[in-house]
Amino acid sequence: MSAVLAERPLARTAFATSREMDFFSEKELVAQSGHKRDEWPGLIVKELVDNAVDACEEAGVAPRIQVAADESGISVLDNGPGIPEMTLEKVLDFRVRVSSREAYCGPTRGAQGNALKTLVGIPFVVDPKRGRLVVTTAGVARSIACRLNDVTQKVEFEVERSELIRPVKTSDLYKSGSAVRVEWGPMPAGLWPSSKSRPASSWRGQIESLIRGYALFNPHVTITLGWFGERLEHVATDAGWKKWRPNAPMSAHWFDLPRMERLIGAYINDERENGGAGRTVADFLREFDGLQRSRTQTAVIARAGLKRTRLSDLASGGTLRSVLIDRLLAAMKEMTKPVNPSRLGQIGKEHFEKRLRDFGCKAETITYKVIKRLDDGIPLVIESAFGCAESALAAFDTGERRRIYAGVNWSPGIKNPFRSFGQTGEGLEGLLERQKVGAREPVVFAVHLASPRVQYADRGKSSIVLTSEDE
Amino acid sequence: MSGSLSADLETIVTGVTKKWTKQRKAEERDSRARFRRPSMYSGRVNFTDVASEILPAAYAKASGGGTLPVANRQLFYAARGPFQEKTGREIEYGYFAQNLLRKYLQRPEAASWKVTADPRGTLIEPHTGIRVPVGTLEIDSYLEGGWGQDRRDLQLDQGCPTRGPRDRYRAILYIEKEGFNELARAVRLAERYDLAILSCKGQSVVAARKLVDRLCGGGGIPLFVLHDFDKYGFSIFQNLVSVSCAAEDGERVAYVFKNEIQAVDLGLRLLDVEEWKLKPERCRFTGDFDLYDDNVTDAEKAFLRKGQRVELNAFTSPDFVAFVEKKLKVAGIREKLVPDNKTLGDAYRRAHAIAEINGLVKAARTRAAGLTLPRTLRAALKKSLKEHPEKPWDAALYEIALKVRRRCAP
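Residues numbered from 1 in each chain as written. Chains lettered and ligands numbered in written order. Predicted model: local features only at pLDDT ≥ 70, side-chain atom pairs only at ≥ 80, totals over all residues. Heavy atoms only, no water.

A.B. asks: I would appreciate a short explanation of the overall build of chain B in the present structure.
C.D. replies: Scanning chain B from terminus to terminus reveals 17 helices and 10 strands. A buried classification covers 39% of the 410 residues belonging to chain B. In chain B, of all internal contacts separated by at least 6 residues, the share reaching a separation of at least 24 is 69%. For chain B, the accessible area works out to roughly 25100 Å², and carbon and sulfur atoms hold 53% of it. (Helix = DSSP H or I, 4+ residues; strand = E, 2+ residues; numbered from the N terminus. Buried < 20%, exposed > 50% of the residue type's maximum accessible area, 1.4 Å probe, protein only. Contact = heavy atoms within 4.5 Å. Areas by Shrake-Rupley, 256 points an atom, 1.4 Å probe, with all protein chains shown as cover.)

A.B. asks: What am I meant to see in the overall build of chain A here?
C.D. replies: Across its full length, chain A carries 13 helices and 15 strands. In chain A, which comprises 471 residues, the share counted as buried stands at 51%. Expressed as a percentage of contacts within chain A between residues at least 6 apart in sequence, the contacts between residues at least 24 apart total 69%. About 22000 Å² of surface is accessible on chain A, with carbon and sulfur atoms providing 49% of the total.

A.B. asks: Can you help me understand the sheet that holds strand β7 (residues 223-226) of chain B in this one?
C.D. replies: In any sheet, the strands associate via hydrogen bonds between backbone groups, in a parallel or an antiparallel arrangement. Residues and elements named next belong to chain B. What the 4 strands build is an open sheet, ordered β6-β5-β7-β8; its pairing is parallel. Two strands close off the open sheet at either side, each with one partner strand: β6 (195-199) and β8 (263-265). Neighbour-to-neighbour, the strand axes of the sheet open up by a mean angle of 25 degrees, direction not taken into account. Alignment of strand β5 (residues 171-175) against β6, held across 5 bridges, turns out to be parallel. In the sheet register, Leu173 faces β6, and the bridge partner there is Ile197. Most of the contacts of helix α9 (residues 206-216) go to β6, to which it runs at about 155 degrees, and overall it touches β5, β6 and β7. Sitting on the sheet, helix α14 (residues 317-330) is in contact with β5, β6 and β7, with an inclination near 145 degrees to β7. (Pairing = 2+ DSSP bridges. Axes fitted to C-alpha atoms, helices over the stretch in contact; angles between N-to-C directions.)

A.B. asks: Explain the pairing of strand β13 (residues 403-408) of chain A here, please?
C.D. replies: Along any regular strand, the residues point their side chains to alternate faces of the sheet. Residues and elements named next belong to chain A. Of all 6 residues making up β13, 5 are buried, and the element is well covered by its neighbours. For β13 and strand β15 (residues 443-450), the ladder comprises 6 bridges, and the chain directions are parallel. The partner of Arg403 across the bridge, within β15, is Val444. Here β13 runs beside strand β14 (residues 411-412); their pairing, made up of 2 bridges, is antiparallel. Across the sheet, the residue bridging to Gly407 is Pro412, located in β14. Linking β13 back to β14 in an antiparallel pair, the connection comprises 2 residues, with Asn409 at a positive phi of about 50 degrees.

A.B. asks: Mind showing me how you'd approach the interface of chain A and chain B here?
C.D. replies: Interface size is commonly expressed as the accessible area that is lost once the parts come together. Contact with chain A, which involves 45 residues of that partner, is made by 28 residues of chain B. Here chain A meets chain B over a buried area of about 3300 Å², counting both sides, of which 66% is carbon and sulfur. Here chain A and chain B share 4 salt bridges between them. Among the salt bridges present, the one from Arg24 of chain B reaches Glu441 of chain A, with a minimum N-O distance of 2.9 Å. Our count for the contact surface shared by chain A and chain B stands at 9 residue pairs in polar contact (both at pLDDT 80 or more). (Buried area = accessible area lost by both parts, 1.4 Å probe. Salt bridge = Lys/Arg side-chain N within 4 Å of Asp/Glu carboxyl O. Polar contact = N/O pair within 3.5 Å; in protein donor to acceptor, adjacent residues only side chain to side chain.)

A.B. asks: In this structure, what is going on with the pattern of salt bridges? I would like to understand it.
C.D. replies: Residue and element names in this part refer to chain B. In this structure the tally under the stated criterion is 52 salt bridges over all chains. Residues Lys177 and Glu176 are paired through a salt bridge, measuring 3.7 Å at the closest nitrogen-oxygen approach. With relative accessibility at 4%, the residue Glu176 sits in the buried group. Through salt bridges that share partners, Arg73, Glu176, Lys177, Asp228, Asp230, Glu281, Arg309 and Glu311 make up one connected network.

A.B. asks: Mind showing me how you'd approach the sheet that holds strand β12 (residues 378-388) of chain A here?
C.D. replies: Residues and elements named next belong to chain A. Read from one edge to the other, the open sheet built from 5 strands follows the order β11-β12-β15-β13-β14, with strand pairing classed as mixed. Unpaired on one side and paired on the other, β11 (367-375) and β14 mark the two borders of the sheet. In the packing of helix α11 (residues 349-358) onto the sheet, the strands contacted are β11, β12 and β15, and the crossing angle to β12 comes to about 35 degrees.

A.B. asks: So what exactly am I meant to see when it comes to helix α15 (residues 341-369) of chain B here?
C.D. replies: An α-helix turns once per 3.6 residues; consequently, residues spaced three or four apart project the same way. Between its terminal C-alpha atoms α15 of chain B stretches 42 Å, which fits the 42 Å expected from 29 residues at 1.5 Å a residue. What α15 of chain B keeps buried is the set Thr343, Ile354 and Asn358 of chain B. (Expected span 1.5 Å × (residues − 1).)

A.B. asks: How should the nonpolar core be read in this particular structure?
C.D. replies: General note: in soluble globular proteins, nonpolar side chains tend to be found buried as a group. Residues and elements named next belong to chain B. Among the nonpolar cores identified, the biggest contains 57 residues, and Leu75, Phe83, Phe96, Leu173, Leu226, Phe229 and Leu268 are the most heavily contacted of them. Two domains each put at least three residues into this core: domain 2 (47-116) and domain 3 (156-330). In contact with Leu226, not counting residues within four places along its chain, are Leu173, Tyr174, Ile175, Glu176, Leu266, Gly267, Leu312, Phe320, Phe323 and Val324. (Core = buried A, V, L, I, M, F, W, Y, C linked by side-chain atoms within 4.5 Å. Domains from an automatic or database assignment.)

A.B. asks: Help me out: how do you make sense of the packing of aromatic side chains in this one?
C.D. replies: Where two aromatic rings form a pair, the distance of their centres and the angle of their planes describe that pair. Tallying each qualifying case throughout the model produces 25 aromatic pairs over all chains. Aromatic pair Phe180 of chain B and Phe320 of chain B: ring centres 3.9 Å apart, planes at 10 degrees, arrangement stacked. Of this pair, Phe180 of chain B sits in the loop between β5 and α7 (181-186) while Phe320 of chain B is found in helix α14, placing the two residues 140 residues apart along the sequence. Since its relative accessible area comes to 3%, Phe320 of chain B is described here as buried. Aromatic rings pair up to connect Phe47, Phe76, Tyr77, Phe83, Tyr93, Tyr95 and Phe96 of chain B into one cluster. The aromatic ring of Trp410 of chain A is capped on one face by Lys243 of chain A, whose charged end is 4.1 Å from the ring centroid. Positioned over the ring face of Tyr93 of chain B is Arg73 of chain B, at 4.4 Å from the centre of the ring. (Phe/Tyr/Trp six-rings, centres within 6.5 Å; stacked < 30°, edge-to-face > 60°. Lys NZ or Arg CZ within 6 Å of the ring centre and 35° of its normal.)

A.B. asks: How should the environment of Arg107 of chain B be read in this particular structure?
C.D. replies: Residue and element names in this part refer to chain B. Note on placement: Arg107 falls in the loop between α5 (93-104) and β2 (115-116). Since its relative accessible area comes to 33%, Arg107 is described here as partly exposed. For the pair Arg107 and Ser52, spaced 55 residues apart in the sequence, the C-alpha separation amounts to 9.9 Å.

A.B. asks: Sorry, what's going on with helix α3 (residues 47-62) of chain B here?
C.D. replies: All names here are of chain B. Between its first and last C-alpha, α3 extends only 19 Å over 16 residues, short of the 22 Å set by a 1.5 Å rise per residue. Where α3 bends most, at Glu53, the angle is about 40 degrees, and the proline Pro56 comes one to four residues later. What α3 keeps buried is the set Phe47, Val50, Ala51, Ile54, Leu55, Ala58, Tyr59 and Ala62. Packing partners of the buried residues in α3 comprise β1 (70-71), α4 (72-87), α5, β2 and α14. (Bend = angle between axes of the 7 residues up to and from the residue.)

A.B. asks: Would you explain the confidence of the model for chain A in this entry?
C.D. replies: If pLDDT is low for a region, its predicted coordinates should not be looked at in detail. Residue and element names in this part refer to chain A. For chain A, per-residue confidence averages 83 on the pLDDT scale, and residues scoring 70 or more make up 84% of the total. Low pLDDT (under 50) marks residues 165-174, which in the prediction has 24 contacts with non-local residues, meaning those over four places away or in another chain. Confidence over residues 467-471 falls short of pLDDT 50; this stretch has 15 contacts with residues more than four positions distant or in other chains. (pLDDT = per-residue confidence, 0-100.)

A.B. asks: Would you mind going over the packing of α3 of chain B against α4 of chain B with me for this structure?
C.D. replies: Helix-helix packing is characterised by the crossing angle of the two axes and by the distance between the axes. Residues and elements named next belong to chain B. Across the interface, α3 lies against α4 with an axial gap of 8 Å and an inter-helix angle of 140 degrees. Relative to α4, the element α3 lies oblique. The crossing of α3 and α4 is right-handed. Contacts from Phe47, Val50, Ala51, Glu53, Ile54, Leu55, Ala58, Tyr59 and Ala62 in α3 reach Gln74, Leu75, Ala78, Ala79, Pro82, Phe83, Lys86 and Thr87 in α4. Class assignment for the residues of the contact of α3 with α4 results in 13 nonpolar, 2 polar and 2 charged. (Parallel < 35°, antiparallel > 145°, perpendicular 65-115°, else oblique. Left-handed = near helix turned anticlockwise from the far one by under 90°. Nonpolar A, V, L, I, M, F, W, Y, C, P; charged D, E, K, R; others polar.)

So, in structure tokens, the structure goes:
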């Protein structure tokens, strides 16, 4: 009789794996961006163009953007001031999410601050062996490639720095600015990387639609798309068009207590982690519209009873002192006027009409409406335009289909960002169906919302939230 | 946000797609409506789109460069051609006057325009007997006159008071529209030709017929009639001086003329239309000409039967004045009215007396200027007004002054 060996139980080891891998898997990138892999080419264009236009506006120059797509990548070139070295360093720190916007309230294109991080991960997921992000600024190219250490399951970055190298085929027009290229290895002719290696041409509509969206919502932007050698350009209709700049002071009226606490908390945390001179409440007030003068700052501080107070005094250990912050916010609102909706920037009828004509609409069919209002201190501008394709008026089925351009804060959505609103939650497309503007109609429809307090449902800014407070 | 962004989105989306939705619904009801889709967007230019381009030029033309007042309807006639050219459609008077022009006149650039509408209603002042017709220019003139006491020197009127045509006017000019009264006043048409101007809106009323019967009938003063060039204009002329056959047959005679009236037709005729290059407008021609219309030539009848007409309003203001003056001269109204020798003598003596009285008045005013006012003047006035509330304050004051003078008289 053979002895029955007693089974030795498995003693499981609790392995620690790096959280960094969250940014380097398809599943996590989809969650981070709000877009499926098939939408990533559009996502790359959107994130890069948003950043490029913002940078130009902050520098006070009329943006000129070149987007190029070829068999091994997508690149975006701008005439802005370039990307600071520190920003690039922070991009590679995946332990934290770096954002210059998240805690702020303002009518900005992006608000999540994870754009460049996402773009570092995409080429790795698409092409683990050859994928890389190339950032060229001030004549210096940095190639950032991520490689997985099979043993540690950690991502290791290979950063190559090379002077005066332009991996991006750029125009010599731009002496300054930056070029960012998301690159993967050359694919078989005509294919772009996706889970099924789709032909690149199948993304053309998505990318062209985005480029048109930028042209539609930004009268001051000249934007060019180079699509496998073919060129499509939209010249600015008003290079001097004025809008609320991304780095313009915020208005106190755009904040409620939780948002103000979030901002003050972020400042205090930054001071604690990075050191530096303690910011006073007056320094803090200087960042707000209407509170730039020291006289007004003094008056606000006096009303709030915060004389000789540092911002860090508004927290005690890990707890924010809500009563003081609430008093400060009330004084700030009392001493400033709400921002008039017109100051946000109205795209305007003329620009919409010009662009819709460029998109093939018959001039007489174009209609435009605008709603501007101030709601509890929050300015809001909604503009909409509609036109019918010229060819579809004369002939019956010309194959023309409905084109929707929907955008928020001068940035077009890859997908319609107004996907759910109204009493039945029908959203924009449902409403358009009800208005007999179905998907097969030969029309162009555009809608744009500008507001400093827009909440997105996802980090890819693909859908805005019309929460109960909006409804 | 306390407001609803959802509601805003819904409003704006339905707003921009409204026209399309209407068309598509029509297509769903009737597939033939699909063929109307191109015409729905046929490059239609709205009247409002071109109003700011057309109206200033039309006003300048109709008013002689802004020098004369213009009636709504005259401005309409000056503007309707350009509107047709720009939009390809005829503009209707009702829309023009009530909507387009009314909105345009709100603009700062039209603030100085003298566009008149027929007065509707009257302002009556107490005690003064002043009656102001509620019309644009009349009210403007009243408002510009300043308020309070008239501080001009007391003077007897230098004129020789008359009532009726004798020694005052030599003819009646009847105009079938009221809109020209302001223009006539501006160019002093009545004064320069010693004419009484009588106007009605369209057909004359019984009172007008009675007036011309008394003043112009049986060898009275001449009657001149200005009317549009249309079938209605000719009947206005006839009905002002005689009873129409239709009224007699239908036993609807409103006024029976007692005298035969020799009226002169100064109305717009085909030759005038050609001479002044006036643009006809389309109208519906119904029925036919009556027997009395032997005044109308065959060419004119043919023109009118085509469904065309020309209004006096088709003239610009300067042209209208020139047209009327020319017609008056042809009709023999050339020299100013001068009365007979007896009237002249009486008036001359009266003029001397007035000059003397006016001199005395001036001296009396100088003396009165030095008077000391009674301390109880206000209290006395209040008391008097309490006793006679129907009196104006100045009449009561006069009585107080009279009493004081009597008391102080030696």
